[in-house]
Amino acid sequence: MPTNIQSMHGFLVAILASVELFVRAAEIPPSEAHAPLKINTMKAAYYEKHGGEETWSFSTEYPVPKRTKGYVLIQVMAAGVNPVDYKLSQGDFPSFIAGSKPKIFGADLAGIVVETEKGSKYQKGDRVFGMKDFQFTPWGTFCEYVAVPESQLSLMPEGISFAQAATLPLVSLTTLQAFRSGGISEKRRSDIKGKSILIHAGSGGVGSVAVQVAKYFGLRVITTCSTSNSEYVQSLGADKIIDYKTQDFETELRNDKPDFVLDVLGGQVEIKSERLLRDSPKSSYMTILNTGMVKHYESWGALKHLGWFIWAVGHYTRKLGSQLFVSRSYSVTAVVPSGEDMARVRRLVQEGHLKPQMSKTYKLEEFRSALKTIASGHTRGKIAIVMHEGAQAVEKDTCKM
């Protein structure tokens, strides 16, 4: 065979061999194509029992969780910090809800998929965000790796950082799920447009999201906050602002009663909000699972240990009563992970209706400071813990403390 023909033949053989290798690689299931993570230990922040800061620990040799069927393993780039993270460790919720100990802090995450299984809708390298279930499990997100059901995740929105994405899941899910239970949804968007909503604590984590989402639905937004945060909530879209330190919202709204109320505080705020809506039969009161009302009952002394029982019975009795005897809606929302809702959050962000409100970030080693900050109850927007420097790239539209 002439030399030039031999060269051409060799070239074609090499091309065909490369194509064959490519085809074979494509046929390999992701779980085989991407070998299991070889790292066995990681950094993690956790607590071993309920209590104060003395029960908090940090380890550089915490075991990496194993991915099981239906789960994806994620390298956590950033984790959102929420009041529930602190409250669970303090024992503000019944101990069985937190799950076995030691327990890693955190529920919100944004990160990179590092291990999947055949048929998964996610591939290695995908950027995802979501809220993993924080109840009845020792695993959290204040760590470098976490295994999460793929049904609880969504691809991250484009144009925001991991840190910003990590601040969105729990507060956005809470808002969407509470709104939906109270009659604020895409299906009713045209019916509710122009109605009003009172959102308590508009400058907080849930509040800063709820104000934006309420505006997306075309609602007139009334919110409570301090004077120092009034310009901030106004920038989010609030139409009327009540300074909770100097004004009584019940008095201020006596002749301007809202159609909807979103209460994330509980306690006396809940009592006064329900009273405000007493003569508004078609109104809707929405509350979330919080410890405010429990604290109220605990102040009764002998009934301290019955706080949760009374809270639950009281809430659901009022809900049932509202449905049976009056046309007013009363709903209680305990947020749950949802990949479908996270996809809605992604769409709201990409369409410009929802902007992450991140005020500060901490390194994982600084988790104690992050928890103390969120425990103060006076954070503006959200804070995040970052595991890697790259997690803060593409930071836009952050808010100042």
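Residues numbered from 1 in each chain as written. Predicted model: local features only at pLDDT ≥ 70, side-chain atom pairs only at ≥ 80, totals over all residues. Heavy atoms only, no water.

Moving on: the packing of aromatic side chains. This structure, assessed with the given rule, holds eleven aromatic pairs. Summarising the aromatic geometry, the rings of Phe 58 and Phe 367 are spaced 6.5 Å apart at their centres and angled 20° between planes, so their arrangement reads as stacked. Of the two residues, Phe 58 sits in strand β2 (residues 56–63) while Phe 367 sits in helix α15 (residues 367–375), which places them 309 residues apart along the sequence. Looking at Phe 58, the relative accessible area reads 27%, which means it is partly exposed. Phe 367 sits in the buried class, given a relative accessible area of 0%. Three or more aromatic residues link up through ring pairs in this structure, and these residues are Tyr 47, Trp 56, Phe 58, Tyr 86, Phe 105, Phe 142 and Phe 367. Directly above the ring of Phe 162 sits Arg 127, whose terminal nitrogen or CZ lies 4.2 Å from the centroid. In this structure, Arg 189 is placed above the aromatic ring of Tyr 216, and the distance from its NZ or CZ to the ring centre is 4.0 Å. (Phe/Tyr/Trp six-rings, centres within 6.5 Å; stacked < 30°, edge-to-face > 60°. Helix = DSSP H or I, 4+ residues; strand = E, 2+ residues; numbered from the N terminus. Buried < 20%, exposed > 50% of the residue type's maximum accessible area, 1.4 Å probe, protein only. Lys NZ or Arg CZ within 6 Å of the ring centre and 35° of its normal.)

Bringing unusual backbone geometry into the picture now. The linkage connecting Lys 101 with the following residue, Pro 102, adopts the cis geometry, with an omega of 0°. In this structure, Ala 201 takes a positive phi of about 60° despite not being glycine. Mapped onto the secondary structure, Ala 201 falls in the loop between β9 (196–199) and α8 (205–216).

Let us now look at the environment of Leu 88. For Leu 88, the location among the structural elements is in helix α3 (residues 83–90). Measuring from C-alpha to C-alpha, the distance between Leu 88 and Gly 99 comes to 9.8 Å, with eleven residues separating the pair along the chain.

As a further point, take the pattern of salt bridges. Here the structure, examined in full by the defined rule, presents 17 salt bridges. Note that Glu 117 and Arg 67 form a salt bridge whose closest N and O atoms lie 3.3 Å from each other. Note that Glu 117 is positioned in the loop between β5 (108–115) and β6 (127–131) and Arg 67 in the loop between β2 and β3 (71–81), a separation of 50 residues in sequence. The pair formed by Glu 117 and Arg 67 is uniform in burial state, with each residue classed as buried. A salt bridge links Arg 180 to Asp 341; the nearest nitrogen and oxygen atoms lie 2.9 Å apart. Placement of Arg 180 in helix α6 (residues 169–181) and of Asp 341 in helix α14 (residues 339–350) is noted, with a sequence separation of 161 residues between them. Look at Arg 180 and you get partly exposed, because its relative accessible area is 41%. In this structure Asp 341 comes out as buried when scored by relative accessible area, which is 2%. (Salt bridge = Lys/Arg side-chain N within 4 Å of Asp/Glu carboxyl O.)

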